[in-house]
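# What the coordinates show
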Amino acid sequence: MEIFDKLTDQIKNNDLIILMTHARPDLDGMGSACALKEFTEFLGKKVVIVKPKVNNNYSLIRALDVYSKSFDLNFVPEKDVLKLLDDKSLVIVLDTNSMKIVESPKIIEKAKNIIVIDHHCKMDNLIGSSVMEFEDATKSSVAEMIAEYLKYNNFKLSKVALTMLLAGIETDTNTFNLKTTRKTLETAGYLVGEGADLILKQKFLKESKAEKLRRYEMLKDSYEIGNNMHVCVLDDEIYSPVFLSLIANDLLSFDGVNAAFAIGRISPSVLGISARSMGDINVGEMMRKLGGGGHSASAATQIEGKSKTEVIEDLTKLVRNGDYESNITERC
Ligand SMILES: [Mn+2]
């Protein structure tokens, strides 16, 4: 694999490797960073991970807690990374290609050597790799990409890192449904074969009871807008897009729901819709029609300057018009 060798060459050619994921990181991005850190250290390179300014992901907090009991995370705050960064530093960005959500846009602006390793569709405000391209929107997760890379290099990861990668794939695929290919499952199998711990993985992925009950309370008010498509409209509090996606995931898990939408305010003037399907209803196409985008089974949009009632009407029209043909080729 030429691209894997190229990545290794780039790591070897630099003195300092700076790993960074998106703001408010998750298991996919940070699990990949921990795994890549281990390999980079094995190559004899100095490596740091940009310390997240906010870390409020329940699963990731527990995973990092376990990881840091056995290994140094090498977390360095942005301001200190900016001092270390020079022409012989390589910044590897994991799990995002967007300046809008990367942990530190300042580091990107200052960096000469940048590689983006990502599995998302390219939208706007792209970071842009300066030394090589390593993006693949057909992959389920960055964890899958990093696991393949480390497998290719026959590298023995720690049990915790193996488990974090597996949990990252599981989270990003919504438990091996979304964007899951034969290769995704083979890679998951490889991680288990190497020693990923299924009990530890379950511990990482457990949820706060209070949080889950809070979502289910909101889901009580969800209803069908047509053709087995259901919507959950939240109150006027501000919610994170991640919270909306969790609501949509929960709603889709109910029998009789073929597509699920969560509508909520993500800033005082912006409404967000998170959309999920099992893959046979193309919610990506629907969200594109509402100014957003994504995958056929997992998509989202953000709408400015419309009331909740107007947004619900727009969505209902799409549902009633049957604007969700299933066999549209994935666009990215
Ligand atoms: Mn991801």
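Presented here is a report on the structure given in the accompanying data block. (Residues numbered from 1 in each chain as written. Predicted model: local features only at pLDDT ≥ 70, side-chain atom pairs only at ≥ 80, totals over all residues. Heavy atoms only, no water.)

### Topic: the sheet that holds strand β1 (residues 16-20)
Backbone-to-backbone hydrogen bonds pair the strands of a sheet. The strands run either parallel or antiparallel. A sheet is described by the order of its strands in space; here six strands give the open sequence β3-β2-β1-β4-β5-β6, paired in parallel fashion. In this open sheet, the two edge strands, each paired with only one partner strand, are β3 (75-76) and β6 (134-135). Two elements, strand β5 (residues 113-118) and β6, share two bridges in a ladder whose sense is parallel. Its bridge partner being in β6, Ile117 is matched across the sheet by Phe134. Here helix α2 (residues 27-42) sits on the sheet in contact with β1, β2 (46-50), β3, β4 (89-94) and β5, set at roughly 170° to β2. (Pairing = 2+ DSSP bridges. Helix = DSSP H or I, 4+ residues; strand = E, 2+ residues; numbered from the N terminus. Contact = heavy atoms within 4.5 Å. Axes fitted to C-alpha atoms, helices over the stretch in contact; angles between N-to-C directions.)

### Comments concerning the packing of helix α6 (residues 142-152) against helix α8 (residues 182-194)
One can describe the packing of α6 onto α8 by two numbers: an axis separation of 10 Å at closest approach and a directional angle of 60°. By the angle between their directions, the pair α6 and α8 is classed as oblique. Between α6 and α8 lies a crossing whose hand is left-handed. Across the interface between the two elements, Glu144, Ala147, Glu148, Leu150 and Lys151 from α6 touch Lys183, Thr184, Thr187, Tyr190 and Leu191 from α8. (Parallel < 35°, antiparallel > 145°, perpendicular 65-115°, else oblique. Left-handed = near helix turned anticlockwise from the far one by under 90°.)

### Let's talk about the coordination of the manganese ion
In this structure, Asp28 (OD), Asp95 (OD), His119 (NE2) and Asp172 (OD) serve as the protein donors to the manganese ion, at separations of 2.1 to 2.4 Å. Sequence positions of the residues that donate to the manganese ion give the spacing D-x66-D-x23-H-x52-D. One end of the pair, Asp95, is in the loop between β4 and α5 (105-110); the other, His119, is in the loop between β5 and β6, and 24 residues separate them in sequence. Here Asp95 matches His119 in class, with each residue buried. (Donors = N, O, S within 2.8 Å, 3.2 Å for Na, K, Ca; no water. Buried < 20%, exposed > 50% of the residue type's maximum accessible area, 1.4 Å probe, protein only.)

### A closer look at the sheet that holds strand β12 (residues 298-304)
The mixed open sheet is built from six strands, whose spatial order is β7-β8-β9-β10-β12-β11. Lying at the two open borders of the sheet, with one neighbouring strand each, are β7 (223-226) and β11 (293-294). For strand β9 (residues 259-267) and strand β10 (residues 270-277), the ladder comprises eight bridges, and the chain directions are antiparallel. Bridge pairing in β10 places Ala262 opposite Ser274. The strands that helix α11 (residues 241-252) touches are β8 (229-238), β9 and β10; relative to β9, the one it contacts most, it runs at about 160°.

### Some points on the packing of helix α1 (residues 2-12) against α6
Contact geometry of α1 with α6 gives a least axis separation of 10 Å together with a crossing angle of 85°. Between α1 and α6, the angle is such that the two are roughly perpendicular. Residues Phe4, Asp5, Leu7, Thr8 and Ile11 of α1 form the contact with α6, whose own contacting residues are Glu148, Tyr149 and Tyr152. Here the contact of α1 with α6 is composed, by residue class, of five nonpolar, one polar and two charged. (Nonpolar A, V, L, I, M, F, W, Y, C, P; charged D, E, K, R; others polar.)

### With respect to the side chain of Ser141
Residue position: Ser141 is located in the loop between β6 and α6. Judged by its relative accessible area of 0%, Ser141 falls in the buried class. Looking at Ser141, its side chain comes within polar contact range of the side chain of Ser140, at 3.0 Å. Apart from the residues lying within four places of it in its own chain, the contact partners of Ser141 are Asp28, His119, Gly168, Ile169 and Asp172. (Polar contact = N/O pair within 3.5 Å; in protein donor to acceptor, adjacent residues only side chain to side chain.)

### Comments concerning the pairing of β12
Direction of pairing for β10 relative to β12: antiparallel, over a ladder of seven bridges. Looking at β12, one finds that Arg276 is bridged to Ser298. As paired strands, β11 and β12 are joined by two bridges and run antiparallel to one another. Each bridged residue has a counterpart across the sheet, and for Gly294 the counterpart in β12 is Ala299.

### Considering the pattern of salt bridges
Enumeration over the complete set of coordinates arrives at 23 salt bridges. A salt bridge links Asp250 to Arg215; the shortest N-O distance between them is 2.5 Å. One end of the pair, Asp250, is in helix α11; the other, Arg215, is in helix α10 (residues 209-219), and 35 residues separate them in sequence. The pair formed by Asp250 and Arg215 is uniform in burial state, with each residue classed as buried. In this structure, the salt-bridge partner of Glu285 is Arg288, at a minimum N-O distance of 3.3 Å. Here Glu285 pairs with Arg288, and both are found in helix α12 (residues 283-289), just three residues apart, close to one helical turn. According to the relative accessible area criterion, Glu285 is buried, its value standing at 8%. Three or more residues are tied together by salt bridges with common partners; here these are Lys139, Glu144, Glu148 and Lys183. (Salt bridge = Lys/Arg side-chain N within 4 Å of Asp/Glu carboxyl O.)

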